[in-house]
Every structure is written in C-alpha cells, then in structure tokens.
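Tertiary structure, described
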Amino acid sequence: MSDITVSKQTESLLHEVGKLNEHAQQHDVDIIEVSKTVSFFAIAYERLRNVIEFKDEYIIRRNAINRIIRRRLAFNPSLTNEALSIAKEIVWAGYLPTNKLPESKVDKLEGIIRWYIALRDEMIKGEPSDKRNYYTDFIHDLLVCQIEELFAEHDFVFEKLFVFYMYQVLNPTVTIEGLSEEDKNLYFYIATEQILLKSDEPYLRFHLMRLLFEDLLKAPPSDFSHHVGKLRNAFRLIDTKIKYPINRKVRKYLLNQRPPYLILKEFFSQPTHQVRELIADEAKFKSTIESICREKYDSAKKKLNRAGVRSIIYIFLTKMIFVFLAEYPLLLRLNERIDPLILGINALFPPLFMVLLVTTVDVPDDENTERIFSRLRSFMYGVGTERVNFKVQVKLHQSIFRRMLFWIFYLVTFGATFLLIDNALDILHFTWLSKIVFFFFLTAVAFFGYRVRQIAKEYVVNHKETILSPIVDFFMVPLITVGKWLSNEISKINILIFIFDFLIEAPFKILFDVIEEWIGFLRNRKEEIV
C-alpha cells in the first residue's frame, strides 16, 4: 500500500460524488408510464431526424428539446398546458433512461415554463424588434437548458462537479498577465467550460446566469418589473464575457487537460467506496486508469465510425436530393451536356472522401496513456503540479508589409488549392454548373470530416504533427474554411429540417399522443375487468 494521500480538492470531489450517487438511488412514488410501443417509433424517428441534421452527440438531447419547444411555441406562443406533452415527447424520444415519467418532473416543468414565459413577456415590452429578438433568444436558451437539466439532473450535476474540480485544481497554477485576479478567474472558468465541457453559447449563458446572477433566477414573476434593468445588463455582460477571445496558448493548455478530465469522469463512475480503495493504492490506481484508457480508445474509434456513418448519410441524402431537384433539372434547362460519369462522380465522391477521412485516423498509444496517468496523479494527489504563465491575447504589432505578406500567402493557398482542383475537373470535362456542385460538397465534406476526426483526438495529450501535416494543411485549410462558412449559412435554410419539423414531426407527434391515450384507455379497461 502507498502512503500517499489525496488532495483536499479530491477529497471534496469524493464526498460530493458520493452524495450525488445516494440521491440518484431515491425514486419518485408517483409515476406516469408512457407506452413502449409509442416510444419505439419515436426513438426510431429521432435517430432518423438526427441523421438529417448533423450535430455533435453532446448537444443532441438539448437540440431535441429545443426543437420540441420551438415547434410548440409556433402553435402556442404562451405554452399554456404544454408541460405534460413536452415531458412525454422527451421520454418518448428516449432521453430518459426509462419510459417512466415522474409526476414531480411535470409539475416542475410547468413552473419553469411559466417563469420563463412571464420573464420573456416582461422583458420585451416596448423594446424595438432587434432587442426583442435578442432577449427572446437569450431567454429561450435559458429555458431549453433548464428543461434539459430537469430531465438529466444527474448528468448535469456530475459534469458540474468535475468541471469545478478541474477549475479548482488548475486555476491556482495559472497566471494570466494583464488581467485582474477577478477577471482572470472568470476568464479561466469560461475557457475551462468551453474546452473541457465543450459548452457552446446556450450552455455558457445558462451556466453563467447560475454562477453570477442566481438571485435574479430566483425572483418571483411578480417582481420582474423591478429587475428588468438588472436582467438586461446581466444578459449583455454574460455575452461580452463569452465573446472575450481565448488566448491560443490557454486553449492548447486546456485541450491537453481534456483527456485526463474524460478519463477521470469515467474512473469516478464506479461506486465511491471502490474509487477510494483504488486511489489509496497508486499501483492499483494506475492499472485501473490504463484499463479505462484502452476501453476509451476503442470506444472513440467506434464513436468515430458512427459519426462518420451519420455524416455520410447526411451528405449522401442531401446530395441525392440536390442532384434530382437542382443539378439535373438545371442542366436540362440550360441545355448543358449531361454526362453520367460526371453525375456519378458528383454523387459518389463526397461520401467516399468522408470514408477516407474517417478510416485514416490513428488510435492513441501507450505513451499517451502514461501522459494521462501522470496528469491524473498530479490532480488526485496534489503532487508535481507546475505553474504556468500566459498573457492576455493581444494583437501583435506587426509591420504593414508583414501583415500584407501573410494575407497574400494565405490567399495564395486558397487560390492554389481551388485552381488545382479546377484543372483536374477540366480534364474530366466538368461543366461550370457541375464544378459548383462538386466544390460545394467537397468543402462541406472537408469541414464535416475535420469535425469527425476530432473525436479520435479527444484522448490525445500533446498531439504531435507529422512531417506531412504542413502540406496537408496547405490544401485542407481553404476547403475546411469554405466548408464551415457554407455549413453555417446553409443550415439556416435546410429544407429537409423544415420538412421534418413541421410537415412530418408535428403530425407524427399528434398521432403518437392519440395512440398513447388509446393505449392508456385500454390499460384502464383491462384493470377494471380484472
């Protein structure tokens, strides 16, 4: 046995996780049970819907809740008497571990909805349209995140415990020149959430409201008129803090803490008494961490393949629809030559390119596992921690000539990449329209492929570039940049999403509701007979 002792932060984490696990074992007495039959079809629909709109896995549940709320707001702007229906939709879609819905959750959901709707109505009074939209969107983000927290309370608290633990461990070792201690603490906390938890704007808005203005979130609706000014200032302050740029070196530093953070969460998923026994013996602790790393590397590879398949299906469906609804009819209308080979290349190259991007990713090695354990050892036992110093991100005072030179070279990389591809397409006798289609999907796949490949790097500490990386970057960065821009713009007008959300999902959910009530009626009749 080792005589090494855990740090105060680790002891506190053990205590809090133990309390959380005890609370998770308590069960509600009053339960609303939803139909497994309805849930089966709802889950199948949800999986298809998630293929149509490519989203990272960690926001799929929130995205589903967001979709439900927006659809119901379109038909019922005050969401009157919608709590039970919203709760059932969440359970139907498989976002609760069982098909049983605690009545207490429905009552809490009703209270949450009424609070945020009252807040929205108060804050947009007399405001111009741009501010009305801003406040409405901000409040909508808070509402969706709080609903998700209500139905995934254990997950939210568990994540919060570990992010705060990492913040407590790392923050004292970090100095950021040019910021006051108060600003540095908030800046580093936001960066920690963004990097470790991958929190985007809606999550950060919700978490920072909780962290900085919890008293305003507890105000009764009757007092909203007295707090409107404070709330508006709070919204603007939070968005200002979120948009403050993260120093590149701080980002890299935190990215190297993410793999240990992910392994640590998995380690603590065991019973608390077992965790205590393992960390009391460093050899056993190390052996367990190595085993978890091997499992996670394998899991990351499967997750990568799954995300790759989802993105391939998404791209393929979008591409097929585009070919038959736009490219082929346009070629006919413009009297352009229709070449089956070119149509085939345009249809098959994007998914094949994605397959190439997904299958050429390496799995982390044993040296990476050793680096993870070394960092976890310093976290858990408070030994071997190193102080790091950063500076506030400032623009370098480069000469005008140097900046122009860099921009010219950057533009040359764009021109060279697209020119080379354009020449290759000329050899294959692509028409101008077919070229536009090819470039559109090539850049989209490059961007999606880049995002998917990041999954394999989740567990990599100190990622090292290969000798060919600069050459690959020379050609890929322009494609990824254009792909990201196109993805952001096209997502705003995705016709498939509109079709699914309003022409398919809305009537489907009404049908599910009717079937649910019919099954409940039959169940009650059966009980009466018995």
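Our subject in this report is the structure included herewith. Because the structure is predicted, anything quoted here is derived from the model rather than measured. (Residues numbered from 1 in each chain as written. Predicted model: local features only at pLDDT ≥ 70, side-chain atom pairs only at ≥ 80, totals over all residues. Heavy atoms only, no water.)

Our focus in this paragraph is helix 11 (residues 224-242). An α-helix turns once per 3.6 residues; consequently, residues spaced three or four apart project the same way. Compared with an ideal rise of 1.5 Å per residue, which puts 19 residues at 27 Å, helix 11 spans 25 Å between its outermost C-alpha atoms and is within 8% of the ideal. A maximum bend of about 30° is found in helix 11 at Lys230. Along helix 11, the residues classified as buried are Phe224, His227, Val228, Leu231, Arg232, Ala234, Phe235, Ile238, Asp239 and Ile242. Check the buried side of helix 11 and you find it contacts helix 5 (103-123), helix 6 (129-151), helix 8 (181-197), helix 9 (201-212) and helix 10 (214-217). (Helix = DSSP H or I, 4+ residues; strand = E, 2+ residues; numbered from the N terminus. Expected span 1.5 Å × (residues − 1). Bend = angle between axes of the 7 residues up to and from the residue. Buried < 20%, exposed > 50% of the residue type's maximum accessible area, 1.4 Å probe, protein only. Contact = heavy atoms within 4.5 Å.)

We now examine the packing of aromatic side chains. Applying the stated rule across the entire model yields 27 aromatic pairs. By the ring-pair criterion, three or more aromatic residues cluster together here, those being Phe158, Phe162, Phe267, Phe268, Phe285, Phe373 and Tyr381. It is Arg62 that lies over the ring of Tyr203; its NZ or CZ is 4.4 Å from the centre. (Phe/Tyr/Trp six-rings, centres within 6.5 Å; stacked < 30°, edge-to-face > 60°. Lys NZ or Arg CZ within 6 Å of the ring centre and 35° of its normal.)

It is worth spelling out the environment of Ile65 at this point. Along the polypeptide, Ile65 turns up in helix 3 (residues 60-75). C-alpha of Ile65 to C-alpha of Cys145: the two residues are 80 residues apart in sequence and 8.7 Å apart in space. Leaving out residues up to four positions away in the same chain, Ile65 has contacts with Ile90, Val144, Ile147 and Glu148.

Once that is clear, we can look at the pattern of salt bridges. Scanning all chains against the criterion turns up 30 salt bridges. Here Lys19 ties to Glu16 by a salt bridge, and the two come within 3.9 Å at their closest N and O atoms. Here the residue Lys19 and the residue Glu16 both occupy positions in helix 1 (residues 8-24), the gap between them amounting to three residues, near one helical turn. The partner of Lys265 in a salt bridge is Glu159, and the shortest N-O contact between them spans 2.9 Å. Of this pair, Lys265 sits in helix 13 (residues 258-267) while Glu159 sits in helix 7 (residues 153-170); the two residues are 106 residues apart in sequence, bridging distant segments of the chain. If you follow the salt bridges from partner to partner, you end up with Arg71, Arg72, Glu82 and Glu89 in one network. (Salt bridge = Lys/Arg side-chain N within 4 Å of Asp/Glu carboxyl O.)

Below, the discussion takes up the environment of Phe430. Residue placement: Phe430 occurs in the loop between helix 18 (400-427) and helix 19 (432-453). Residue classification places Phe430 among the buried positions, given a relative accessible area of 6%. Along the primary structure Phe430 and Leu341 are separated by 89 residues, whereas in three dimensions their C-alpha atoms are 9.7 Å apart. Ignoring anything within four residues of it in the chain, the contact list for Phe430 reads Ile342, Ile345, Asn346, Leu425, Lys435 and Phe438.

Before going further, it helps to spend a moment on a nonpolar patch on the surface. Together, Ile400, Met404, Ile408 and Val412 line one region of the surface with nonpolar side chains, adding up to about 400 Å² of accessible area. Tracing the backbone shows Met404 in helix 18. (Patch = residues over 30% accessible without salt bridge, like charges linked within 9 Å, V, L, I, M, F, W, Y side chains within 5 Å. Areas by Shrake-Rupley, 256 points an atom, 1.4 Å probe, with all protein chains shown as cover.)

Right, let's get into the nonpolar core. Grouped together as the largest cluster of nonpolar side chains are 106 residues, with contacts concentrated most on Tyr116, Met209, Phe267 and Phe268. The contact partners of Phe267, leaving out residues within four places of it in the chain, are Val275, Leu278, Ile279, Phe285, Thr288, Ile289, Ile292 and Met380. Among the nonpolar cores identified, the runner-up in size contains 27 residues, and Tyr314, Ile421, Phe438 and Val445 belong to it. (Core = buried A, V, L, I, M, F, W, Y, C linked by side-chain atoms within 4.5 Å.)

On to the pairing of strand 3 (residues 174-177). Where burial is concerned, the two faces of strand 3 differ: the one with Val174 and Ile176 is buried and the one with Thr175 and Glu177 is not. Where strand 3 and strand 4 (residues 388-391) come together, four bridges link them in parallel fashion. Within the sheet, the bridge partner assigned to Val174 lies in strand 4 and is Val388. (Pairing = 2+ DSSP bridges.)

Turning our attention to the packing of helix 9 against helix 11. It is the contact of helix 9 with helix 11, at a shortest axis distance of 10 Å, that shows an interaxial angle of 125°. Taken together, helix 9 and helix 11 sit at an angle that is classed as oblique. Judged by the sense of rotation from one axis to the other, the crossing of helix 9 with helix 11 is right-handed. Of the residues in helix 11, those touching helix 9 at Glu201, Leu204, Arg205, Leu208 and Met209 are Leu231, Ala234, Phe235, Ile238, Asp239 and Ile242. A class-by-class count of the residues in the contact of helix 9 with helix 11 yields eight nonpolar, no polar and three charged. (Axes fitted to C-alpha atoms, helices over the stretch in contact; angles between N-to-C directions. Parallel < 35°, antiparallel > 145°, perpendicular 65-115°, else oblique. Left-handed = near helix turned anticlockwise from the far one by under 90°. Nonpolar A, V, L, I, M, F, W, Y, C, P; charged D, E, K, R; others polar.)

That is the geometry; function is a separate question.
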